[in-house]
Amino acid sequence: MNHETHTDVVIITALKEEKEAVLKVLKQCSISPSEKKLGNQIVYTASLSTVANRSYQITLLAFNGMGNIEAALATYESIIDWKPTYIILTGIAAGFQKEIERKLGDVIVAEQVVYIEAGKEETSGLSLKPKVYRPSHELWQAAQNLDWHASIQTTRPDNSKHIPKALFGDVISTEKVIKNLESRQKLQSLWPASIALEMEGAGTAMAVHKSGTMGFLLVKGICDWADDNKNDHWHEYAAEAAACFVIELLKSGPFEPRVQPTEKNTSSAKISEPKNSISNLPPDDLLAQATCTVRTKDKFGTAWLVSKEGHLLTAGHLLGKDKNTLVDEVTIQFSGDIAHQAHRVAWGYDENKEIDFAVIQLVESSVNRQPLPISLVQSVTGKFTLRGHGETLNTLSNGTGEFIGYINEPNNRLFKLRSPETAESGYSGGAVFSDEAHAVVAIQTKTTTQFVGAESNTVLAMPLYRIAEYWEPLYEIAKNPDLPISPPPFINQKDEMDNILATFAPQYYFLDAPAGYGKTILLQRLKNRFQEKDYECAYVSADKYPTLPLLLKELFNEYGMRYPKDDNLGQQITRFGSLLNQKHKNNPKIVGFVLLIDLGKAPSITLINELLNTFIPRLFHNLQTMDEWFKTKVERHRFRVVVTGRYLATREEVKIKFVPSRLSPFKYEVILDLVWQYVGHLPEEQIKQIAAHIMYLSGGHPGCMAALLRLYKQKETPYPDYFLEDYQTDIQPIVREAINQIRNDIPSGLQAVMDILSPCRRINYDFIRQFMNCGLIPDGNQDKLADDLVQTYLMNRESGFLQDGITRPLLAIRLRQETSDIFLKVCQTAKEIYLGYISKANASRPDVIMVELLHQELQLGYYQLKEDTPEERLQFKVAFSVTLNEHLHALVPDWNYRERIDDFLTALNIDWEFQFIVNYFLREEIYSEQPYQELKDQVKKFRETLQPMTDPKG
């Protein structure tokens, strides 16, 4: 497809008669659409004038079949091919009859599309979990009070004079044609607020939602009541009524078109506009509006806008080549604009490793510019464009050239470019815009003419994928460039990466963690590392490609292969295996193939089963059959798969053996380092306080922490206690969203149990039994409940206890906020149970239980403070010190107290979460490590004061 083509709206229909209705209405508006053939599909394009002197570019297509899968495929392909601002699905639907209010021929505008097919098989039967998709708010608002029915030309089949109405409400999307009253009523009872049903809305909505497209709208005419009298008599009229509504809606000019008829000066694009509004400009114009000079006291070069928050990328050597010469503040200036101040965010320079980049950020980001589209590709060919400020030039000047190869060093790579125009000082840091990728893929770093024997007019560029390894927000920008930049992801996954990348690592890995835990970025990092080890590697996301055909098509694209659309699934898998086999034969340097599959937020059960039980095992079998090379296990597995998701590790029905790996919790030290990087320029005490508040309020959830940190930075006048003082208005909605995400992932039968257990960090079978005895959790078999918790991967067994550091903290926040009385009752009960344990001479791991006892004491005391002030906390600290001394006496009831106290001190030293809780709950003015140190000192002093006991056994 020509990248300069732009489309404001793609109108999709399922059936030919629905498409013909739209064409008929366009013809009535004196519009003659152009007919084009794309593959086996006929599409129509037209320009539609609006009342607001605007002009929309419209694309119309029909996928000639019913069903959500077909709709998802057609919608996804439309988004890829046309990159529209909006998708509108129109045609016919069945209504839910309601006397007087609804008539055949009325038009349904979906307020919500409800997909009711999603569910889960449980012992009690099928548990439905409807998925709800909302349309574009902008189009929805514009559809209200629209005068639209006058343009309907088809006569009503009943010859009545009824004027059709637009009805707004929820629409059920199903996979079945319903023409039975009993079946319809049963379906309607599943979502009583619904007013109609159809078969394509969920597929379209899902594809739009997953792709990040701006929005969609569903408009359909009622053609029957889905009962025993269902027929085709009203199809033509209903389809035309819906088409008239859609065209009249667009003629009202509800949104800004991608390109205005008179628009020529692209440099005035506003940051608030969609990025797609400029992405189809010629590369030179695109670069011109986003490129600027960057100046320090003695250096001069080029920078360019990479985020909507005012981040710019440039060459690292412009800010200094070591920490002694490194500068924090620079001046930047866009062409035709005033100078702006910017400060350093990230920097790297190491000539031996070919690292040369810097990230700077505008102090005030109110510039009328758009960030450039970026790509993290590792291989690229063809021509490039670059805008920069050459040393001999007074103004911004363009440069062009071509990619001619790579300079490869251990663990790094530079692009090698040929350009007669950019091989001089001043262009350093410029954005290398690839015509092939239609995005920036690298920054220019240096010329090679300074080296003996170098080819003339050769320049080197550092790929963006390598910069993303050091400044990880680039991963998020590349994934969804229209979203504001996120803070650096909270990554604490070095051990997991090392295990997966090891030469003798298992063939199949599951990475398990809730939504927002950085699984997607981890896969991107793994992809880069595998490629450095000469693996062919492909990454696909079920969020973007929610069905196996879509995923498989993307895998073909990732490997540069043509998708065999007409084959069945088995043939497609065989074809894919053949192409991988041929790829190895063409390039013997390849050591293997790696598939990285991100199952995303809510993959369907069907997709999971198809992937794990059909696609992966069949593909590997085909590879082994085709080539002995794939059977080799002497050095490494030739074919490997890494899958990320939630609660997958113990799926008994999976045919292939996956090694589970649970992503580790995030420590305070990790948060502190990232706050230093992201906020900076604040006193150390404030940085510690910010990091502590983020850790406490988020329950350690990385996605939630990222959002809180971004929110903090966006405040005009930040102060350390902002997180507490503005909790209700700003913080709670962010935290609540993360809580709901995690809780909704828990099997429904265990949600209430996990809620109650959430204040307790470690439990065992006896603990569960005592909770059952006091009625906090339902009575039953404690062994079975413990096994259920482990098998669903909600908790893991370690040192004789069930524990969890991922789901539990957020659930504890929920319990504390929504039912504080129950929360405190759980803490009190747990305290009594733990105290009874440590008093026993033969108690198992009393050192660990003692830590849990103190954890409950801290929660009980802190959450019963009248106010969270230094004065209140000081009184609590004094009382806790007395309580600690009492519990230490209970810990040593017999002669072997020295061993118990030493074990307890060891348990304290390795428990980073408890250390953080002590420091946060017992802090004075600001967060510090002093409270924990004082606790340890008290324990040591207690040990010294005790008199030695005699072993009663002699």
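Cut-off values and rules
- Residues numbered from 1 in each chain as written.
- Predicted model: local features only at pLDDT ≥ 70, side-chain atom pairs only at ≥ 80, totals over all residues.
- Heavy atoms only, no water.
- Helix = DSSP H or I, 4+ residues; strand = E, 2+ residues; numbered from the N terminus.
- Buried < 20%, exposed > 50% of the residue type's maximum accessible area, 1.4 Å probe, protein only.
- Contact = heavy atoms within 4.5 Å.
- Areas by Shrake-Rupley, 256 points an atom, 1.4 Å probe, with all protein chains shown as cover.
- Axes fitted to C-alpha atoms, helices over the stretch in contact; angles between N-to-C directions.
- Parallel < 35°, antiparallel > 145°, perpendicular 65-115°, else oblique.
- Left-handed = near helix turned anticlockwise from the far one by under 90°.
- Nonpolar A, V, L, I, M, F, W, Y, C, P; charged D, E, K, R; others polar.
- Pairing = 2+ DSSP bridges.
- Phe/Tyr/Trp six-rings, centres within 6.5 Å; stacked < 30°, edge-to-face > 60°.
- Polar contact = N/O pair within 3.5 Å; in protein donor to acceptor, adjacent residues only side chain to side chain.
- Lys, Arg positive; Asp, Glu negative; His and termini not counted.
- Salt bridge = Lys/Arg side-chain N within 4 Å of Asp/Glu carboxyl O.
- Core = buried A, V, L, I, M, F, W, Y, C linked by side-chain atoms within 4.5 Å.
- pLDDT = per-residue confidence, 0-100.
- Expected span 1.5 Å × (residues − 1).

Draft legend 1. Expanded view of the overall build of the chain. When you go through the chain residue by residue, the secondary structure sums to 30 helices and 32 strands. Residues counted as buried form 57% of the 954 residues belonging to the chain. Partitioning the intrachain contacts of the chain with sequence separation of at least 6 by distance along the chain shows that 71% fall at a separation of at least 24. In the form shown here, the chain has an accessible surface area of approximately 40900 Å², with 47% of it arising from carbon and sulfur atoms.

Draft legend 2. Here's a closer look at the packing of helix α25 (residues 820–838) against helix α26 (residues 846–862). It is at 9 Å that the axes of α25 and α26 come closest, and there the two elements cross at 150°. In terms of axis orientation, α25 runs roughly antiparallel to α26. Judged by the twist between their axes, the crossing of α25 over α26 is left-handed. Across from Phe823, Leu824, Cys827, Gln828, Ala830, Lys831, Tyr834, Leu835, Tyr837 and Ile838 in α25, the residues of α26 making contact are Pro846, Ile849, Met850, Glu852, Leu853, Gln856, Glu857, Gln859 and Leu860. Grouping the constituent residues of the contact of α25 with α26 by class yields 13 nonpolar, three polar and three charged.

Draft legend 3. Spatial organisation of the pairing of strand β12 (residues 215–224). With respect to burial, β12 is a largely interior element, 10 of its 10 residues being buried. Where strand β5 (residues 86–95) meets β12, nine bridges bridge the pair, whose relative direction is parallel. When the bridges of β12 are listed, Gly91 appears paired with Lys220. Direction of pairing for strand β6 (residues 107–115) relative to β12: antiparallel, over a ladder of three bridges. Within β12, the position partnered with Val107 by the bridge is Gly221.

Draft legend 4. Inspection of helix α21 (residues 748–757) at higher detail. The buried count for α21 comes to seven of 10 residues, which makes it a mostly enclosed element. All of the buried residues in α21 are Leu750, Gln751, Val753, Met754, Asp755, Ile756 and Leu757.

Draft legend 5. Structural detail: unusual backbone geometry. Non-glycine residue Glu354 carries a positive phi angle of around 55°. Relative to the assigned elements, Glu354 resides in the loop between β17 (339–350) and β18 (355–362). Positive phi, close to 70°, is recorded for Asp534, a residue that is not glycine. Tracing the backbone shows Asp534 in the loop between α12 (519–532) and β26 (535–541).

Draft legend 6. Here's a closer look at the sheet that holds strand β30 (residues 762–763). Spatially, three strands are ordered β30-β32-β31 in an open sheet, and the strand pairing comes out antiparallel. The open sheet has two edge strands, β30 and β31 (796–798), and neither has a second partner. Pairing analysis gives three bridges linking β31 to strand β32 (residues 801–803), with the strands arranged antiparallel. Paired with Arg797 across the two strands is Leu802, which belongs to β32.

Draft legend 7. Up close: the packing of aromatic side chains. What the rule picks out here adds up to 27 aromatic pairs. Measuring from ring centre to ring centre gives 4.1 Å for Tyr862 and Phe921, while their planes differ by 5°; the resulting arrangement is stacked. Residue Tyr862 is found in helix α26, and its partner Phe921 is found in helix α29 (residues 912–921); the two are separated by 59 residues along the sequence. In this structure, Tyr862 and Phe921 share a single accessibility class: buried. Three or more aromatic residues joined by ring pairs form one cluster here, namely Tyr668, Tyr696, Phe823, Tyr862, Tyr863, Phe916, Tyr920, Phe921 and Tyr927.

Draft legend 8. Fine view of the side chain of Ser307. Examined against the element boundaries, Ser307 turns out to sit in the loop between β14 (300–305) and β15 (311–314). Owing to a relative accessible area of 4%, Ser307 belongs among the buried residues under this scheme. At 3.1 Å, the side chain of Ser307 and the backbone nitrogen of Glu309 are in polar contact.

Draft legend 9. How the structure looks around the sheet that holds strand β29 (residues 659–662). With parallel pairing, the five strands of this open sheet are ordered in space as β26-β27-β28-β25-β29. Here the strands that pair on one side only, and so sit at the sheet edges, are β26 and β29. When the angles between neighbouring strand axes are averaged without regard to direction, this sheet yields 15°. On top of the sheet, helix α13 (residues 548–558) reaches β26 and β27 (592–598); it is set at about 145° to β26, its chief contact. Contacts from helix α15 (residues 605–626) reach β25 (508–512), β27 and β28 (639–645), with the element oriented near 170° to β28.

Draft legend 10. Quick peek at the side chain of Asp170. By the secondary structure assignment, Asp170 is in strand β10 (residues 166–173). Despite its burial, Asp170 pairs with no opposite charge, the nearest such side chain being Arg134 at 6.6 Å. There is a polar contact of 3.0 Å between the side chain of Asp170 and the side chain of Gln112. Once you skip the residues sitting within four places of it in the chain, Asp170 turns out to touch Glu111, Gln112, Val114, Trp191, Ala193, Ser194, Ile195 and Ala196.

Draft legend 11. A look at the pattern of salt bridges. By the definition in use, this model includes 29 salt bridges. As a salt-bridge pair, Asp868 and Arg923 come within 3.5 Å of each other at their nearest N and O atoms. Note that Asp868 is positioned in the loop between α26 and α27 (870–891) and Arg923 in the loop between α29 and α30 (930–945), a separation of 55 residues in sequence. Because the salt bridges share partners, they merge into one network encompassing Arg761, Arg762, Arg808, Glu852, Asp911 and Glu913.

Draft legend 12. Quick peek at the pairing of β26. Within β26, six of the seven residues are buried, which leaves the element mostly enclosed by the surrounding structure. Pairing of β26 with β27, which is carried by seven bridges, proceeds in the parallel orientation. Bridged to Cys537 within β27 is Val594.

Draft legend 13. Fine view of the nonpolar core. Grouped together as the largest cluster of nonpolar side chains are 109 residues, with contacts concentrated most on Leu526, Phe767 and Phe771. The residues touching Phe771, leaving out its near neighbours within four places in the chain, are Ile756, Leu757, Cys760, Leu776, Ile777, Val826, Thr829, Ala830 and Ile833. Ile92, Leu217, Val219 and Trp225 belong to the second largest nonpolar core, which has 72 residues in total.

Draft legend 14. Expanded view of the confidence of the model for the chain. In the predicted model, the chain carries a mean pLDDT of 81, and the fraction of residues at 70 or more is 84%. Segment residues 260–280: pLDDT under 50, and 50 contacts once partners within four positions in sequence are set aside and those in other chains are kept.

Draft legend 15. Looking closely at the environment of Leu250. Here Leu250 shows up in helix α6 (residues 235–251). A relative accessible area of 0% places Leu250 in the buried class. Sequence-wise, Leu250 and Ala142 are 108 residues apart; in three dimensions their C-alpha atoms are separated by 9.1 Å.

Draft legend 16. Up close: helix α14 (residues 569–586). Across its 18 residues, α14 extends 26 Å between first and last C-alpha, which sits within 8% of the 26 Å expected from 1.5 Å per residue. When α14 is considered as a whole, its buried residues turn out to be Gly570, Gln572, Ile573, Phe576, Gly577, Leu580, Asn581 and His584. Along its buried surface, α14 packs onto α13, β27 and α15.

Draft legend 17. Up close: the packing of α26 against α29. With their axes 11 Å apart at the nearest point, α26 and α29 run at an angle of 30° to one another. Viewed along their axes, α26 and α29 adopt a mutual orientation that is roughly parallel. The handedness of the crossing between α26 and α29 is left-handed. In this structure, α26 uses Val851, Leu854, His855, Leu858, Gln859 and Tyr862 to contact α29, whose residues at the interface are Phe914, Ile917, Val918, Tyr920 and Phe921. Looking at side-chain class alone, the contact of α26 with α29 contains nine nonpolar, two polar and no charged residues.

Draft legend 18. Highlighting the environment of Glu436. By the secondary structure assignment, Glu436 is in the loop between β22 (431–434) and β23 (439–447). Sequence separation between Glu436 and Lys383 is 53 residues; the distance between their C-alpha atoms is 7.4 Å.

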